[in-house]
Amino acid sequence: MTIIIASVSNKGHVTSSDGRTAYNGEIDSENEDKTFSLYDGKIRGAYAGMMSFGRHENSSARTVREHIENVSKKISPASLVEFAEFLSKKLLERIETIREDEWSIKSRRLVVFLTG
């Protein structure tokens, strides 16, 4: 389980997460940062669900944050909505290529919270 808190006010925005990961029901790490900041802090976010994917693309899986950072280099969005739509499309394209043997759970989810 991941806890994400996102808040936006006229003074700014903040996104935070619990930083905990579990593997097979056991706590694996208390130090997993699931937050990210893009475009000099104009967009901040956090993710839950999948922690990494893409082992078939290279020798090791990239974290969700690495995928998001890679995708963000390909667009200079005019709005948060434009970025969210672009990110959703690009991550979905990547997730759809995951081999069945990479994830044992067929209905694996990825949730991304964005503030800006």
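Our subject is the structure that appears above.
Rules used throughout
- Residues numbered from 1 in each chain as written.
- Predicted model: local features only at pLDDT ≥ 70, side-chain atom pairs only at ≥ 80, totals over all residues.
- Heavy atoms only, no water.
- Helix = DSSP H or I, 4+ residues; strand = E, 2+ residues; numbered from the N terminus.
- Expected span 1.5 Å × (residues − 1).
- Buried < 20%, exposed > 50% of the residue type's maximum accessible area, 1.4 Å probe, protein only.
- Arc of directions from axis to C-beta.
- Core = buried A, V, L, I, M, F, W, Y, C linked by side-chain atoms within 4.5 Å.
- Contact = heavy atoms within 4.5 Å.
- Pairing = 2+ DSSP bridges.
- Axes fitted to C-alpha atoms, helices over the stretch in contact; angles between N-to-C directions.

**Q** What is the right way to look at helix H2 (residues 80–95) in this model?
**A** Each α-helix turn comprises 3.6 residues. Residues three or four places apart therefore point the same way. Taking 1.5 Å of rise per residue, the 16 residues of H2 would be expected to cover 22 Å, and the 22 Å separating its terminal C-alpha atoms lies within 8% of that figure. All buried positions along H2 are accounted for by Phe83, Phe86, Leu87, Leu91 and Arg94. What you see down the axis of H2 is that its buried residues fit within an arc of 120°, all on one side. Opposite its buried face, H2 presents the exposed residues Val81, Glu85 and Lys89, each directed more than 90 degrees away.

**Q** Please explain the nonpolar core as it appears in this structure.
**A** Within soluble globular proteins, side chains that are nonpolar tend to cluster in buried spots. Within the largest apolar cluster, 15 residues are counted, with the highest numbers of intra-cluster contacts made by Leu38, Phe53, Val64, Ile68, Phe83 and Leu87. Mapped onto this core, the elements with two or more residues apiece are strand E5 (35–38), strand E6 (43–49), helix H1 (64–72) and H2. Per-element tally for this core: the top contributor is H2, with four residues. Once residues lying within four places of it in the same chain are set aside, the contact partners of Leu87 are Ile68, Val71, Val112 and Leu114.

**Q** Got a minute to help me understand the sheet that holds E5 in this structure?
**A** Two modes of strand pairing occur in sheets, parallel and antiparallel, and in both the strands are linked by backbone hydrogen bonds. Strand order in the open sheet formed by three strands is E5-E6-E9, with antiparallel pairing between adjacent strands. Edge positions in the open sheet fall to E5 and strand E9 (110–115), since each of these has one partner strand only. Ignoring strand direction, the axes of neighbouring strands in this sheet form an average angle of 25°. Sheet topology note: the E5/E6 ladder contains four bridges and is antiparallel. By the bridge assignment, Leu38 is partnered in E6 with Ile43. Sheet contacts for H1: E5, E6 and E9; angle to E5, the most-contacted strand, approximately 10°. Where H2 meets the sheet, it contacts E5, E6 and E9, and its direction lies at approximately 160° from that of E9.

**Q** Sorry if this is basic, but what is going on with H1 here?
**A** When we look at burial in H1, the residues that qualify are Val64, His67, Ile68, Val71 and Ser72. What you see down the axis of H1 is that its buried residues fit within an arc of 130°, all on one side. Tucked into the core, H1 has its buried residues touching E5, E6, strand E7 (52–53), strand E8 (62–63), H2 and E9.

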